[in-house]
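# Topology and contacts: notes
Take a look at the letters that make up each chain.
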Amino acid sequence: MTAMPADELTCKELVELVTAYVENALPPNDRRRFEEHLATCEFCTEYVRQIRLTIGALGNLPDESISLEALAELQNAFRSFRSQG
Amino acid sequence: MLDDSGENESADADLVAALQRRDESVFTTVVRRYHGPLLRLALAHHPSRAVAEEIVQEAWLAVVQGIDRFERRSSFKTWLFRILVNRARTRAEREGRTVPFSSLVSEVESEDGPAVPADRFVPTDHPEWAQWAGHWMVAPKSWGESPERALIARETRALIEAAIAALPAGQRQVITLRDVEGWPSEEVCNVLQISETNQRVLLHRARSRVRAALERYFDAESR
């Protein structure tokens, strides 16, 4: 087995940088090290994919909508405020 | 006319002007558009749905009463959500649940543990694999070729909601606005009044935890 190059990220370090990576907030040098690691590590590639899938799933939660009752209450408040001037 | 993302200043000015002259149809549209995100953000502050709904109603009433004095130093949307956040924080303070103002910052500064438990990586003192220290020992298993369908199933959505509800308050607020509502980071920082760096720390922890919850689910499914 060959030893790792000195500036290679470990998997343990990579998982802590993943948010900065997907947010495009890594400095260029760290981004390069991140991508070099991904190129040779299928597990971290899977990890990054899971983070992206997680973000996608979070964005697909159903919307909350207002009850007709609450809406009517607000419309009344809006109207009565108008009538007060 | 209702492009009130804050990017289009003249649309935002039109919206505010319509509310100031008490145009009820515009008001109704705005309520319908923002009620869901407001409720989610209120729930991120207060776990009780009944209380969260009350906070949202209070915020809307504050909008009705305050719109004439709105000076457009921010977009309407930022103003609206800040009112909500202030109401929610005041309420939490009154109930003695959080330290005022500094609570998000103190949450960032408190220890939260790693994104992935340390025992899933090769330890530096491993008898045989020490040269691989920091590499996966218990690697993430694949979620399959196309997990997108499983991820939108009702069961999985409930699991994601539960994972969000279990997060500390700051993480819950940030992930709700960033990922559930899809806001850009700048808007989130504006509304929650936190720095970009602190926002990213909270987002990182929150996403890591939700991913871990999904991993437990997929692992159990494949067993």
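Every chain is numbered independently, its residues counted from 1 as its sequence is written. Chains and ligands are labelled sequentially in the order written, the chains with letters from A and the ligands with numbers from 1. Residue-level local features of this predicted model are given only where pLDDT is at least 70; pairs of side-chain atoms are given and counted only at 80 or more, and the full residue set underlies all totals for whole chains, interfaces and linings. Based on all heavy atoms of the structure, the side-chain values leave hydrogens and waters out of the count.

### Here we look at the overall build of chain B
Helix numbers and strand numbers start at the N terminus; a helix is a DSSP run of H or I with at least 4 residues, a strand a run of E with at least 2. Secondary structure summary: chain B contains ten helices and zero strands in total. Oriented by its inertia axes, the alpha-carbon framework of chain B measures out at about 75 × 40 × 35 Å. When accessible area is computed with a 1.4 Å probe and restricted to protein chains, residues below 20% of their type maximum are described as buried, those above 50% as exposed, and intermediate ones as partly exposed. Buried residues in chain B amount to 51% of all 223 residues. Whether two residues are in contact is decided by their heavy atoms, any of which lying within 4.5 Å being enough. For chain B, the share of sequence-separated contacts (at least 6 apart) that also reach a separation of at least 24 residues comes to 63%. If you sum the accessible surface of chain B, you get close to 10900 Å²; carbon and sulfur atoms cover 50% of it. As used throughout, the charge tally considers Lys and Arg to be positive and Asp and Glu to be negative, leaving His and the chain termini uncounted. The atoms used to mark charge sites are NZ of Lys, CZ of Arg, CG of Asp and CD of Glu. Charge separation in chain B, taken as the distance between the mean sites of 30 positive and 34 negative side-chain charges, equals 3 Å. For every accessible area listed, the method is Shrake-Rupley and the probe measures 1.4 Å; residues are considered covered only by the protein chains on display.

### Structural notes on the interface of chain B and chain A
The figure often quoted for interface size is the accessible area lost as the parts come together. In this assembly, 60 residues from chain B lie in contact with 47 residues from chain A. Carbon and sulfur atoms supply 65% of the area that chain B and chain A bury against each other, a total of about 4800 Å² over both sides. Every case where a carboxyl oxygen of Asp or Glu lies within 4 Å of a side-chain nitrogen of Lys or Arg is listed as a salt bridge. For Glu23(A), the salt bridge identified is with Arg178(B), shortest N-O distance 2.8 Å. Within 3.5 Å is the distance limit for a polar contact, defined as a pair of N or O atoms, with the added protein rule that one can donate a hydrogen and the other accept it, and that residues adjacent in sequence qualify only through two side-chain atoms. Taken together, the links from chain B to chain A amount to 18 residue pairs in polar contact (both at pLDDT 80 or more). Where the side of chain B that touches chain A is concerned, the elements lending two or more residues are α2 (24-45), α3 (49-66), α6 (148-152), α7 (154-165), α8 (169-180) and α10 (196-222) of chain B. The element contributing the most residues to the side of chain B that touches chain A is α2(B), with ten residues. As a working rule, the residues Ala, Val, Leu, Ile, Met, Phe, Trp, Tyr, Cys and Pro are called nonpolar, Asp, Glu, Lys and Arg charged, and the rest polar, with Gly in that last group. Considered class by class, the residues forming the side of chain B that touches chain A number 29 nonpolar, 13 polar and 18 charged. Defined here as a combined quantity, buried area equals the accessible surface (1.4 Å probe) lost by two parts on assembly, summed across both.

### Remarks on a nonpolar patch on the surface
Patch rule: a residue counts if its relative accessible area is over 30% and it has no salt bridge; like charges are joined within 9 Å, and nonpolar side chains (Val, Leu, Ile, Met, Phe, Trp, Tyr) within 5 Å. Where nonpolar side chains cluster on the molecular surface, the patch consists of Trp129(B), Met137(B) and Val138(B) and spans about 270 Å² of accessible area. Topologically, Trp129(B) is positioned in the loop between α5 (103-109) and α6.

### Here we look at the side chain of His45(B)
Residue and element names in this part refer to chain B. By secondary structure assignment, the location of His45 is in helix α2. A relative accessible area of 8% means that His45 is categorised as buried. Separated by 2.9 Å, the side chain of His45 and the backbone oxygen of Leu41 make a polar contact. A distance of 3.3 Å separates the side chain of His45 from the side chain of Gln173, its partner in a polar contact.

### A short note on the confidence of the model for chain B
Per-residue confidence for chain B gives a mean pLDDT of 91, with 94% of residues at or over 70. Scored as a whole, the predicted complex attains pTM 0.90, and scored at its interfaces, ipTM 0.90. Looking at any residue, its pLDDT shows the predictor's confidence there, from 0 to 100.

### Remarks on the environment of Glu64(A)
Among the structural elements, Glu64(A) can be located in the loop between α3 (42-58) and α4 (68-83). Put simply, Glu64(A) and Phe78(A) are 14 residues apart on the chain and 22 Å apart in space, counted from C-alpha to C-alpha. A polar atom in the side chain of Glu64(A) sits 2.7 Å from the side chain of Arg49(B).

### Notes on the environment of Pro127(B)
Here Pro127(B) lies in the loop between α5 and α6. Distance in space between the C-alpha atoms of Pro127(B) and Glu161(B) is 42 Å, their sequence separation being 34 residues.

### Examining the packing of helix α2 (residues 28-40) of chain A against α3(A)
Residue and element names in this part refer to chain A. Each axis is a line fitted through C-alpha atoms, taken for helices only over the stretch in contact, and angles between the N-to-C directions span 0 to 180 degrees. Running from N to C, α2 and α3 point in directions that differ by 115°, and their axes come no closer than 6 Å. Accordingly, the angle class assigned to the pair α2 and α3 is roughly perpendicular. Within the contact between the two elements, α2 uses Phe34, His37, Leu38 and Thr40 and α3 uses Glu42, Cys44, Thr45 and Val48. Classifying every residue of the contact of α2 with α3 by side-chain character gives four nonpolar, three polar and one charged. Note that the term roughly parallel is reserved for angles under 35 degrees, roughly antiparallel for angles over 145, roughly perpendicular for angles of 65 to 115, and oblique for everything else.

### Details of the nonpolar core
To form a nonpolar core, buried Ala, Val, Leu, Ile, Met, Phe, Trp, Tyr and Cys residues must be joined to one another through side-chain atoms within 4.5 Å. With 66 residues, the main nonpolar core has Trp60(B), Phe76(B) and Leu192(B) as its most contacted residues. Counting only domains with at least three residues in this core, you end up with domain 1 (9-94) and domain 2 (104-222) of chain B. Beyond its immediate chain neighbours, meaning those up to four positions away, Trp60(B) contacts Leu74(A), Phe27(B), Val30(B), Val31(B), Tyr34(B), His35(B), Leu38(B) and Leu80(B). Domain delimitation follows an automatic or database domain assignment.

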